[in-house]
Amino acid sequence: MAINNPIAAPHTHSGLSTTNIMYLVVLALSPAALYGVWIFGLPAALVIVSCCISAWLSEVICLQLQGKNWLSSIDGSSLLTALLLAMSLPASTPWWVASFGCIFAIVIGKHVYGGLGHNPFNPAMLGRVMLLICFPIELTNWQAISIPSVGSDGLIFSQQWLGIDGVSSATPLADLNQVVEWKGLLLGEHAGSLGETSALLIALGGLFLIWRGIIRPYIPCALLLGLTIPASIAHWLHPQDFASGLAHLLSGGAMLAAFFIATDLVTSPTSPRGQILFGAGCGLLIWLIRSFGSYPEGVAFAVLIMNAGTPVIDHYLRPKIFGSQSLFKRSKGA
């Protein structure tokens, strides 16, 4: 009697597809994005819309050139890349600069390497770094907040909120030692990128992803500790030269990196030990670049550097095969 051997081992399935995961991450990030529009006004909405449209069109064109069905472009991956890039940009970024960054992220950061699941680097962060190098003025022009006020006739939107007149301001990362109070950082009531709008909403979105099992807590915890511990030690030793750990934690894109960028399933390690090392490395690099580098923010550079080390981390810290024994035990048993 012929025996049909299985071609692959049996596996459990969570019931989540790639599309489900992408849209759940977008859903978790949406409250912070919408709050960014509330804080900065229509210019922020224009940045988000420009990123989403250009990313989707780039995805469709790349799929068509490869002879693939363009309907694959609605899997949510290009939308997530666009939203992450938009959240890392100032609200005053011109729409064409934001669009160019998304085109670069999708074409060069994703499809040049083979498409979804094959890219070694986070596409959104590649786009962010490219824009920072090519358009440093546009990407360091921070717009002041312009929260709508409530009057007798309802909401009152300022000229700045409507995008008619813009007012520049300094981001807290420009001088962390003169940072605003922690409540302002927590709620995003300061100038900066869209992803700096509310550390609280971003953290809540990240906890939602952990609760749903989309990401594991190893990278977020390791990144936040890898950033906070050296910052706190340096601040304790030289408070006049280094900002506190809390200031680093709530400023810039630290929360966004911890829960939404560094946790990218494709470009981060697979094992728990590898993820802890990866997250801690990202956090330490963010602090080093912020404290000693030429740029006030180091999230994009730190994540890309650790992305490059992911294959090495996976090689040396990969989990043992189920049922395997060490060489010592096998030789002893023999």
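Details of the structure are given in the entry above.
Everything in this summary refers to the structure shown in the same document. Computed from a predicted structure; not experimentally measured.

**Remarks on the overall build of the protein**
What the protein contains, in helices and strands, is 13 helices and two strands. Only carbon and sulfur atoms are counted for the fraction: they give 67% of the accessible area of the protein, which is about 16,900 Å².

**Points about the nonpolar core**
One finds Met-255 and Phe-260 to be the most contacted residues of the largest nonpolar core, which totals 76 residues. When residues in this core are grouped by element, the largest group, 11 residues, is from helix H1 (residues 18–40). Not counting residues within four places of it along the chain, the set of residues in contact with Phe-260 comprises Val-25, Ala-28, Leu-29, Leu-84, Ile-202, Gly-205, Gly-206 and Leu-209.

**Structural notes on the state of the cysteines**
Scanning the entire structure with this criterion turns up zero disulfides. Distance from the sulfur of Cys-51, which forms no disulfide, to the nearest cysteine sulfur (Cys-102) is 3.7 Å.

**Describing the pattern of salt bridges**
Enumeration over the complete set of coordinates arrives at two salt bridges. Across the pair Lys-110 and Glu-59 runs a salt bridge whose closest N-O atoms are separated by 3.0 Å. Within this pair, whereas Lys-110 is found in the loop between helix H4 (95–107) and helix H5 (123–134), its partner Glu-59 is found in helix H2 (residues 42–65), the two being separated by 51 residues in sequence. We note a salt bridge from Arg-290 to Glu-297, for which the minimum N-O separation is 2.9 Å. Classification of Glu-297 as buried rests on a relative accessible area of 17%.

**Observations concerning the layout of surface pockets**
What the largest pocket holds in volume is close to 430 Å³. Met-22, Leu-80, Asp-264, Leu-265 and Val-266 are the residues nearest the centre of the largest pocket, which is lined by 23 residues in total. Of all the secondary structure elements, the ones that give two or more residues to the lining of the largest pocket are H1, helix H3 (77–87), H5 and helix H10 (254–261). Split by residue class, the lining of the largest pocket holds 15 nonpolar, six polar and two charged.

**Here we look at helix H11 (residues 272–292)**
Taking 1.5 Å per residue as the helical rise, H11 with its 21 residues ought to reach 30 Å, and the 30 Å between its terminal C-alpha atoms agrees with that figure. By the burial criterion, the buried members of H11 are Gly-274, Gln-275, Phe-278, Gly-279, Gly-281, Cys-282, Gly-283, Leu-285, Ile-286, Trp-287, Ile-289 and Arg-290. Next to the buried residues of H11 lie helix H8 (218–237), helix H9 (245–250), H10 and helix H12 (299–317).

**With respect to the environment of Ile-313**
Mapped onto the fold, Ile-313 is located in helix H12. The spatial distance from the C-alpha of Ile-313 to the C-alpha of Ser-268 is 9.3 Å, given a sequence separation of 45 residues. Leave out the neighbours within four places in its chain, and Ile-313 touches Pro-269, Gly-274, Leu-277, Phe-278, Met-306 and Arg-318.

**Considerations on the environment of Ile-289**
Relative to the helices and strands, Ile-289 resides in helix H11. Ile-289 gets classed as buried once you look at its relative accessible area, which sits at 16%. Discounting residues that sit within four places of it in the chain, Ile-289 has contacts with Tyr-295, Glu-297, Gly-298, Phe-301 and Ala-302.

**Here we look at the environment of Leu-277**
Assignment of secondary structure puts Leu-277 in helix H11. Along the chain, Leu-277 and Tyr-218 lie 59 residues apart, while their C-alpha atoms are 9.1 Å from each other. Excluding its chain neighbours within four sequence positions, the residues that come into contact with Leu-277 are Met-306, Ile-313 and Leu-317.

**Here's the deal with H3**
Burial of H3 is extensive: 10 of the 11 residues sit out of reach of the surface. What H3 keeps buried is the set Ser-77, Ser-78, Leu-80, Thr-81, Ala-82, Leu-83, Leu-84, Leu-85, Ala-86 and Met-87. Tucked inside the fold, the buried residues of H3 contact H1, H2, H4, H5 and H10.

The rules we used
- Residues numbered from 1 in each chain as written.
- Predicted model: local features only at pLDDT ≥ 70, side-chain atom pairs only at ≥ 80, totals over all residues.
- Heavy atoms only, no water.
- Helix = DSSP H or I, 4+ residues; strand = E, 2+ residues; numbered from the N terminus.
- Areas by Shrake-Rupley, 256 points an atom, 1.4 Å probe, with all protein chains shown as cover.
- Core = buried A, V, L, I, M, F, W, Y, C linked by side-chain atoms within 4.5 Å.
- Buried < 20%, exposed > 50% of the residue type's maximum accessible area, 1.4 Å probe, protein only.
- Contact = heavy atoms within 4.5 Å.
- Disulfide = S-S within 2.5 Å.
- Salt bridge = Lys/Arg side-chain N within 4 Å of Asp/Glu carboxyl O.
- 1 Å grid on protein atoms, 1.4 Å probe; cavity = no way out; pocket = protein on both sides within 12 Å on 5 of 7 lines; lining within 4 Å.
- Points joined across faces, edges and corners; volume = space filled by probe spheres on them.
- Nonpolar A, V, L, I, M, F, W, Y, C, P; charged D, E, K, R; others polar.
- Expected span 1.5 Å × (residues − 1).

So far we have only geometry, and geometry alone does not tell us how the molecule works.
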